[in-house]
Amino acid sequence: MKTDHDNNMVDYTFLGNSGLKVSNLCLGAMNFGKSTGTDFLSKAFGGPTQANEELSFQILDKYAELGGNFIDTADVYSFGKSEEIIGDWLMLREREKFVIATKVRSPMDLENINNVGLSRRHIIQSAENSIRRLKTDYIDLYQIHLWDDAVPIEETMRAMDDLIRSGKVRYFGVSNLTGWQLQKIVDIAKYKGLSPAISLQQNYNLMVRSAEVEAFKVCQNEGIGVIPYSPLAGGLLTGKFKRGEELDPTTSRVGYSKANNASFFDYPMDDKYWALIDELKSIAEAKNKTIPQVSLRWVLQKDIVAAPIIGATSVKQLESNMAAAKGWSLSQEEMKKLDDLSACKETYPYDLTYKFNFGRQNPYKK
Ligand SMILES: NC(=O)c1ccc[n+]([C@@H]2O[C@H](COP(=O)([O-])OP(=O)(O)OC[C@H]3O[C@@H](n4cnc5c(N)ncnc54)[C@H](OP(=O)(O)O)[C@@H]3O)[C@@H](O)[C@H]2O)c1
């Protein structure tokens with residue numbers, strides 16, 4: 001792909017079985033803007049390293065300068081502020097050069113009982129609100145943030161399909177799904193002739209690999225692009241925390257979230273974690289790379305992955321992390337060491353399924 005960047009640091013890839021091309025690192029905007037409330041969601045977006053508009057612009061500028069074209073946000077990130085910051089930044093740019101992804105599902109107004117979930121009403125209203133905040137005419141990738149048990153998924157998918165037909169949305173994506181939920185979405189799209197989901201955004205890193213068990217199998221079989229979020233487990237896979245040291249709640253999201261009970265995920269910092277950090281450190285030293293670069297490289301080298309979504313709270317972090325995108329790789333041996341140290345124990349019936357299907361790959365089977 002021709003770009004107008006001299007120092008392009010990324011590759012470009014199709015997003016699943018779609019015609020959309022994205023850089024192989026997506027920029028996450030969850031830490032743009034800051035919430036001040038005391039409810040759980042406000043606390044989650046209220047940490048000390050949330051970026052104000054000026055810093056967010058600097059991060060966006062550097063990301064674009066290095067060739068990135070894929071930006072991920074959500075209506076709920078800092079309750080609309082993240083989308084607004086991206087919208088203001090896009091006004092200074094050629095909007096068409098960027099692929100803007102956002103999400104719907106979270107409550108945006110606790111006083112309004114219909115302002116939550118995956119109902120037709122909430123989806124269409126939320127798309128219009130996101131478009132307004134993003135100061136654009138369309139959303140490139142509109143993602144359901146999480147399954148909604150209360151709403152028939154066909155209602156959700158018809159609303160998405162209508163948004164796509166109306167031109168307000170280009171592609172439909174999904175996030176945080178189990179295997180059966182994703183397969184149901186795939187099948188309904190096929191049998192009812194609705195727009196298919198082209199991407200799955202899932203928590204995936206050296207500390208959380210549960211998506212491999214089912215959801216990624218569906219992606220592989222059905223041509224859905226995987227965009228892993230939190231590839232550094234929110235900062236835990238950077239090597240900046242030291243064994244036996246108290247986490248400082250004022251200098252990192254991880255420290256803040258643990259101290260304020262504001263984490264979406266409770267990652268254990270146990271012996272398995274420290275063994276992983278030791279190995280990451282030794283690989284990083286041997287290759288003259290940083291620990292975050294090695295952690296990101298492990299995600300990038302998984303065949304199923306299209307583009308990990310990285311977060312950065314400084315331009316320095318971003319620039320350094322983007323150097324993982326291309327030009328070097330982990331050896332098979334290094335990948336295996338990290339695979340082994342991060343393996344999760346499979347439960348029944350996954351344990352039996354994998355054990356007795358070992359070596360049963362048929363390249364012609366779809
Ligand atoms: N779909 C979903 O439910 C969902 C959930 C979560 C995230 N996401 C998406 O994924 C994106 C990325 O998630 P994430 O922020 O958790 O990603 P991540 O890459 O795992 O963590 C990023 C955080 O790690 C720290 N960090 C990054 N690079 C570093 C470096 N070189 N040295 C030291 N510290 C470093 C920074 O936080 P500190 O400086 O504060 O330590 C940074 O904000 C989000 O912005 C969002 O778009 C989606």
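The preceding data block contains the structure.
Residues numbered from 1 in each chain as written. Predicted model: local features only at pLDDT ≥ 70, side-chain atom pairs only at ≥ 80, totals over all residues. Heavy atoms only, no water.

**Comments concerning the overall build of the protein**
Then, number 1: For the protein, the count of helices and strands is 13 helices and 10 strands.
Then, number 2: Over its C-alpha trace the protein gives a radius of gyration of 20 Å, about what one expects of a compact globule, namely 21 Å for 366 residues.
Then, number 3: Projected onto its principal axes, the C-alpha coordinates of the protein cover approximately 50 × 50 × 45 Å.
Then, number 4: Residues counted as buried form 52% of the 366 residues belonging to the protein. (Helix = DSSP H or I, 4+ residues; strand = E, 2+ residues; numbered from the N terminus. Rg over C-alpha atoms; globule rule 2.2 N^0.38 Å. Buried < 20%, exposed > 50% of the residue type's maximum accessible area, 1.4 Å probe, protein only.)

**Focus: the site of the ligand**
Then, number 1: Close to the ligand lie 30 residues; Thr49, Asp72, Lys240, Arg253 and Thr313 are nearest.
Then, number 2: In the environment of the ligand, an oxygen atom lies 2.6 Å from a nitrogen or oxygen atom belonging to the side chain of Thr49.
Then, number 3: Within the contact set of the ligand, an oxygen atom lies 3.4 Å away from a backbone nitrogen or oxygen of Gly311.
Then, number 4: For the ligand, whose unbound accessible area comes to 910 Å², protein coverage reaches 94%.
Then, number 5: Those elements giving two or more residues to the shell around the ligand turn out to be β10 (309–310) and α11 (315–322).
Then, number 6: Across the shell around the ligand, the residue classes break down as 11 nonpolar, 15 polar and four charged. (Near = heavy atom within 4 Å. Polar contact = N/O pair within 3.5 Å; in protein donor to acceptor, adjacent residues only side chain to side chain. Areas by Shrake-Rupley, 256 points an atom, 1.4 Å probe, with all protein chains shown as cover. Nonpolar A, V, L, I, M, F, W, Y, C, P; charged D, E, K, R; others polar.)

**Overview of the pattern of salt bridges**
Pairs can form between side chains of opposite charge once their charged atoms are near each other.
Then, number 1: Per the counting criterion, the structure on display carries 22 salt bridges.
Then, number 2: Here Arg209 ties to Glu212 by a salt bridge, and the two come within 2.9 Å at their closest N and O atoms.
Then, number 3: Of the charged contacts, one joins Lys336 and Asp340 as a salt bridge, the two residues approaching to 2.6 Å between their closest N and O atoms. Of this pair, Lys336 and Asp340 both sit in helix α12 (residues 332–342), four residues apart, roughly one helical turn.
Then, number 4: Overall, Lys336 belongs to the partly exposed group, its relative accessible area being 49%.
Then, number 5: What you see here is one network of salt bridges that share partners, running through Lys62, Glu65 and Glu319. (Salt bridge = Lys/Arg side-chain N within 4 Å of Asp/Glu carboxyl O.)

**Considerations on the packing of helix α2 (residues 53–65) against helix α3 (residues 81–90)**
Then, number 1: Between α2 and α3, the shortest axis-to-axis distance is 10 Å and the interhelical angle comes to 55 degrees. The angle between the axes of α2 and α3 places the two elements in the oblique class. Once α2 is placed against α3, the crossing between them reads as right-handed. Here Glu53, Ser56, Phe57, Leu60, Asp61 and Ala64 of α2 come into contact with α3, specifically with Lys81, Ile85, Asp88 and Trp89.
Then, number 2: For the contact of α2 with α3, the class distribution of residues is five nonpolar, one polar and four charged. (Axes fitted to C-alpha atoms, helices over the stretch in contact; angles between N-to-C directions. Parallel < 35°, antiparallel > 145°, perpendicular 65-115°, else oblique. Left-handed = near helix turned anticlockwise from the far one by under 90°. Contact = heavy atoms within 4.5 Å.)

**Let's talk about the packing of aromatic side chains**
Then, number 1: The final tally for this structure, using the stated rule, is 10 aromatic pairs.
Then, number 2: Geometrically, the ring pair formed by Tyr204 and Trp298 is tilted, given 5.5 Å between the ring centres and 35 degrees between the ring planes. Placement of the pair is Tyr204 in the loop between β8 (197–203) and α7 (215–222) and Trp298 in helix α10 (residues 291–300), with a sequence separation of 94 residues. Trp298 shares its class with Tyr204; the two are buried.
Then, number 3: Ring geometry for Tyr229 against Phe265: centres 6.3 Å apart, planes inclined by 40 degrees, an arrangement best described as tilted. In this pair, Tyr229 is assigned in strand β9 (residues 225–229) and Phe265 in the loop between α8 (253–260) and α9 (271–287), connecting sequence segments 36 residues apart.
Then, number 4: Classification of Tyr229 as buried rests on a relative accessible area of 14%.
Then, number 5: A relative accessible area of 33% means that Phe265 is categorised as partly exposed.
Then, number 6: Above the face of the Trp328 ring, Arg297 is positioned so that its terminal group lies 5.8 Å from the ring centre. (Phe/Tyr/Trp six-rings, centres within 6.5 Å; stacked < 30°, edge-to-face > 60°. Lys NZ or Arg CZ within 6 Å of the ring centre and 35° of its normal.)

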